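So you can see what is in the structure, the chains are spelled out below.
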There are 2 protein chains.
Amino acid sequence: MLISTKGRYALRVLIDMAEHSGTGYIKLMDIAERQEISEKYLESIVKELVRHDIVVGLRGKGGGYKLSKEPDKIVVGDILRFMEGGLEPVACLGKQSKPCPKVSVCRTLGFWRGLNDVICQYIDKYTVADLMLTEENGNDYII
Amino acid sequence: MLISTKGRYALRVLIDMAEHSGTGYIKLMDIAERQEISEKYLESIVKELVRHDIVVGLRGKGGGYKLSKEPDKIVVGDILRFMEGGLEPVACLGKQSKPCPKVSVCRTLGFWRGLNDVICQYIDKYTVADLMLTEENGNDYII
DNA sequence: CGCATTTCCTATTATAACGGTATGTTTATA
DNA sequence: TATAAACATACCGTTATAATAGGAAATGCG
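Residues numbered from 1 in each chain as written. Chains lettered and ligands numbered in written order. Predicted model: local features only at pLDDT ≥ 70, side-chain atom pairs only at ≥ 80, totals over all residues. Heavy atoms only, no water.

(A) Main features of the interface of chain B and chain A. Counting residues at the interface gives 44 residues for chain B, matched by 44 residues for chain A. Together chain B and chain A conceal approximately 4,000 Å² of surface at their shared face, both sides included; 65% is due to carbon and sulfur atoms. When residues of chain B are sorted by the area they lose upon contact with chain A, Leu2, Arg107 and Phe111 of chain B head the list and together hold 21% of the total. Residue Glu36 of chain B is joined to Lys102 of chain A by a salt bridge in which the shortest nitrogen-to-oxygen separation is 2.9 Å. Residue assignment for the side of chain B that touches chain A shows that the elements contributing at least two residues are helix H1 (5-19), helix H4 (76-84), helix H5 (109-123) and helix H6 (128-133) of chain B. With 11 residues, H5 of chain B is the largest single contributor of residues to the side of chain B that touches chain A. Of the residues in the side of chain B that touches chain A, the class split is 26 nonpolar, 8 polar and 10 charged. (Contact = heavy atoms within 4.5 Å. Buried area = accessible area lost by both parts, 1.4 Å probe. Salt bridge = Lys/Arg side-chain N within 4 Å of Asp/Glu carboxyl O. Helix = DSSP H or I, 4+ residues; strand = E, 2+ residues; numbered from the N terminus. Nonpolar A, V, L, I, M, F, W, Y, C, P; charged D, E, K, R; others polar.)

Set out below in structure tokens:
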């Protein structure tokens, strides 16, 4: 499985927040209950979202979290990349990887680059707003 | 990193075998030396390739391995899928996964399906013969 | 002020996968 | 028959995953 719970849960949290926005801050417990995810585990995920300025938190009574920008400004690819710590198919394509000594004779590098490209092109095409558009039962093509 | 050493080494082994074919069976030690990969570790990878009828092994003196079919008949996607034990972005898209109870309300399923599709389309387009065509230094775009 | 509430912060943990090593058995060839 | 090779099984250290636990700090309200 390519994507871990960090990336998957993060997307679900953002969609949930977008769908329940407008009423100020949303407390994590509500999201946890709706999404059926442990509140404590969600904390560690939301912390990353705060660190990358995707959501803002407010402490104390009446506090909670809310999106720091409009859903159509949140690119899915960005979320997945920092939640997963990079999405490159192979290490040598990573941002801060030391250059591979085999780079000049490698017969697979071009293939991996191409794979990386099609993945990035796809995930950077989507925003949280796009995911919201998916209507209920829209995916359930099995009768 | 999406692809582990199993998938990466498997491709390198197959390309190596294809490039050194014609001289009958190739012993694993030669491949291990050329590819600078531990012979013992390669054994576990080649075992999978044998199990899936990609290569055939011959024991005893003068034995070794060779491809069981032409390089242009070996699809990279197939190799990666069984070496990695599936390449689906999320578990619910896997072959033998139990149906997800949230399938009818999931707002991300369509996105994941699309991602799976672009990955499969890409990796199933390549064969080992295509990887061989990559000329030396062809990837080294840094002067 | 003081209390409830809620985020924020710092561990700890169980399980599995990854990447690799070690030892030994079987089979074919020279 | 000795040798060389695949084949088989077991083991091991490290890292990542997916959480859980406990408390500190801040905010709003009566």
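(B) View of the protein's contact with DNA strand C. Surveying the vicinity of DNA strand C reveals 23 residues, the closest of which are Leu28 and Tyr65 of chain A together with Thr5, Lys40 and Arg59 of chain B. When atoms of DNA strand C within 4 Å of the protein are sorted by moiety, sugar and phosphate together comprise 67%. The contact in question runs from a base oxygen of DNA strand C to an N or O atom on the side chain of Arg59 of chain A, over 3.5 Å. For DNA strand C, a sugar or linking oxygen lies 3.3 Å from a polar atom in the backbone of Lys61 of chain B. At the level of secondary structure, the elements contributing two or more residues to the surface near DNA strand C comprise helix H3 (39-51), strand E1 (55-58) and strand E2 (64-67) of chain A together with H1 and helix H3 (39-51) of chain B. A total of 4 residues in the surface near DNA strand C trace back to one element, the largest contributor, which is H3 of chain A. Residues belonging to the surface near DNA strand C are distributed by class as follows: 6 nonpolar, 7 polar and 10 charged. (Near = heavy atom within 4 Å. Polar contact = N/O pair within 3.5 Å; in protein donor to acceptor, adjacent residues only side chain to side chain.)

(C) The nonpolar core, seen in detail. Counting 77 residues, the largest nonpolar core has Leu49 and Ile79 of chain A together with Leu49 and Ile79 of chain B as the members making the most contacts within it. Residues within four places of Leu49 of chain B in sequence aside, it is in contact with Ala10, Val13, Leu14, Ile54, Val55, Ile79, Phe82 and Met83 of chain B. (Core = buried A, V, L, I, M, F, W, Y, C linked by side-chain atoms within 4.5 Å. Buried < 20%, exposed > 50% of the residue type's maximum accessible area, 1.4 Å probe, protein only.)

(D) Main features of the relation of the copies chain B and chain A. With an RMSD of 0.1 Å, the fit of chain B onto chain A corresponds to turning through 180° and sliding 0.0 Å along the axis. Taken together, the rotation and translation describe the operation of a two-fold axis. Residue Leu2 of chain B, judged by its C-alpha, is the member of chain B lying nearest the rotation axis, at 2.9 Å. The residues that chain B uses at the interface reappear at the interface of chain A in 100% of cases, marking a shared surface. (Least-squares fit on C-alpha atoms with pLDDT ≥ 70 in both.)

(E) Structural context of helix H1 (residues 5-19) of chain A. Residues and elements named next belong to chain A. With 15 residues, H1 should cover 21 Å at 1.5 Å per step; its first-to-last C-alpha distance of 21 Å lies within 8% of that length. Of all 15 residues that make up H1, 11 are buried, and the element is covered over most of its length. Taken residue by residue, H1 has Gly7, Tyr9, Ala10, Leu11, Arg12, Val13, Leu14, Ile15, Asp16, Met17 and Ala18 as its buried positions. (Expected span 1.5 Å × (residues − 1).)

(F) View of the protein's contact with DNA strand D. Around DNA strand D, 23 residues are found, and the nearest of them are Thr5 and Lys40 of chain A together with Lys27, Leu28 and Tyr65 of chain B. Take the atoms of DNA strand D that sit within 4 Å of the protein: sugar and phosphate atoms are 68% of them. Between Lys40 of chain A and DNA strand D, the recorded distance is 2.5 Å, taken from a side-chain N or O atom to a base oxygen. Interatomic distance of 3.1 Å between a backbone N/O atom of Lys61 of chain A and a base oxygen of DNA strand D. Counting only elements with at least two residues in the surface near DNA strand D, the list comes to H1 and H3 of chain A together with H3, strand E1 (55-58) and strand E2 (64-67) of chain B. When residues of the surface near DNA strand D are assigned to their parent elements, the largest contribution, 4 residues, is made by H3 of chain B. Residue composition of the surface near DNA strand D, grouped by class: 6 nonpolar, 7 polar and 10 charged.

This is a description of form; function is not addressed.
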